[in-house]
Amino acid sequence: MDNFTKPKVLVGKKADLMSRLADEVEMGIRMRAAENRGFVLGLATGSTPIPLYQELVRRHREEGLSFQNVITFNLDEYEGLAPDHPKSYHAYMEKHLFGQVDVRLERTFLPPGNYEDENRAAQYYEAKIREFGGIDLQILGIGRDGHIGFNEPGSGRETRTRRVALAEVTREDAASGFGGIENVPTHAMTMGVATILEARRIILIATGEGKREVVQEAINGMVNSAVPATFLQDHSNTAWYLDAAAAG
Ligand code: GLP
């Protein structure tokens, strides 16, 4: 299929999508390992990618898939949460992936939840991504308001890693996990839209009916910062992996 016409959309059963996605990750890892090079993987959090991580862990345990040559960069982190806070994305990654595979922990990166100087912290993160040659494959989820990472509505195409305020709907969606909206952080550090669009390949996964409307808008709507996921329309190597409920 031609990359320059319509966004590539793959609709299938959740388990099949996750296994296709795991295939892509595995292929990237193995191809680079054969050349003695690192594979730079951009990671997302939320409930959507959990089955992907489970499948990758299974392949590591049962099929010997090694993560020794993998470098990871996560999209975002809540402000004010220490890495060992149970709701931090640091803890999420440790639980769902890093603690269960042989990835070299010193090569797993997430934006910091705590920092003295937000600009320096953001620039450091961007510099790290560059140092490893950029992101080969970025896994993305999507928020109900069309955010990618924590790039909330209003985030422009040129935005880079920075501190952001979380939208009300995003905090509402996170409330149950935090035991009430009052406990949900108000800010986060996220990769920017431009940072994300620099990845050589992007796969956005969306599952469930709750994502149907925003997915429709993101794929077919006018490209603009009111729905930051629409910027993916301008990326020539993005695929959308949707289950039937999200595809509508
Ligand atoms: C959070 C994350 C996003 C994620 C979104 C959707 O806002 N920062 O990266 O895509 O949640 O989460 P879920 O997959 O749980 O619907």
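This text goes with the structure placed above it.
What you are looking at is a predicted structure, and each value in this text was computed from that prediction instead of being measured. (Residues numbered from 1 in each chain as written. Predicted model: local features only at pLDDT ≥ 70, side-chain atom pairs only at ≥ 80, totals over all residues. Heavy atoms only, no water.)

### Regarding the site of the ligand
Close to the ligand lie Gly46, Ser47, Thr48, Asp76, Tyr89, Gly141, Ile142, His147, Gly149, Phe150 and Lys211, which account for all nearby residues. Between an oxygen atom of the ligand and a side-chain N or O atom of threonine 48, the distance comes to 2.4 Å. Within the side chain of aspartate 76, a nitrogen or oxygen atom sits 2.8 Å from a nitrogen atom of the ligand. Burial of the ligand by the protein chains amounts to 84% of its free accessible area of 390 Å². Classifying every residue of the shell around the ligand gives three nonpolar, six polar and two charged. (Near = heavy atom within 4 Å. Polar contact = N/O pair within 3.5 Å; in protein donor to acceptor, adjacent residues only side chain to side chain. Areas by Shrake-Rupley, 256 points an atom, 1.4 Å probe, with all protein chains shown as cover. Nonpolar A, V, L, I, M, F, W, Y, C, P; charged D, E, K, R; others polar.)

### What about the sheet that holds strand 4 (residues 76-78)?
One open sheet holds the three strands; their spatial order is 4-8-7, and the pairing between them is antiparallel. For this open sheet the edge positions go to strand 4 and strand 7 (162-165), each flanked by a neighbour on one side alone. Direction aside, neighbouring strands of the sheet carry axes that sit 30 degrees apart on average. Of the strand pairs in this sheet, strand 7 and strand 8 (residues 187-190) are connected by four bridges, and their pairing is antiparallel. Its bridge partner being in strand 8, arginine 163 is matched across the sheet by methionine 189. (Pairing = 2+ DSSP bridges. Helix = DSSP H or I, 4+ residues; strand = E, 2+ residues; numbered from the N terminus. Axes fitted to C-alpha atoms, helices over the stretch in contact; angles between N-to-C directions.)

### Considerations on unusual backbone geometry
In this model, asparagine 36 sits at a positive phi of 65 degrees, which is unusual for a non-glycine residue. Secondary-structure assignment places asparagine 36 in the loop between helix 1 (14-34) and strand 2 (39-43). With relative accessibility at 76%, the residue asparagine 36 sits in the exposed group. (Buried < 20%, exposed > 50% of the residue type's maximum accessible area, 1.4 Å probe, protein only.)

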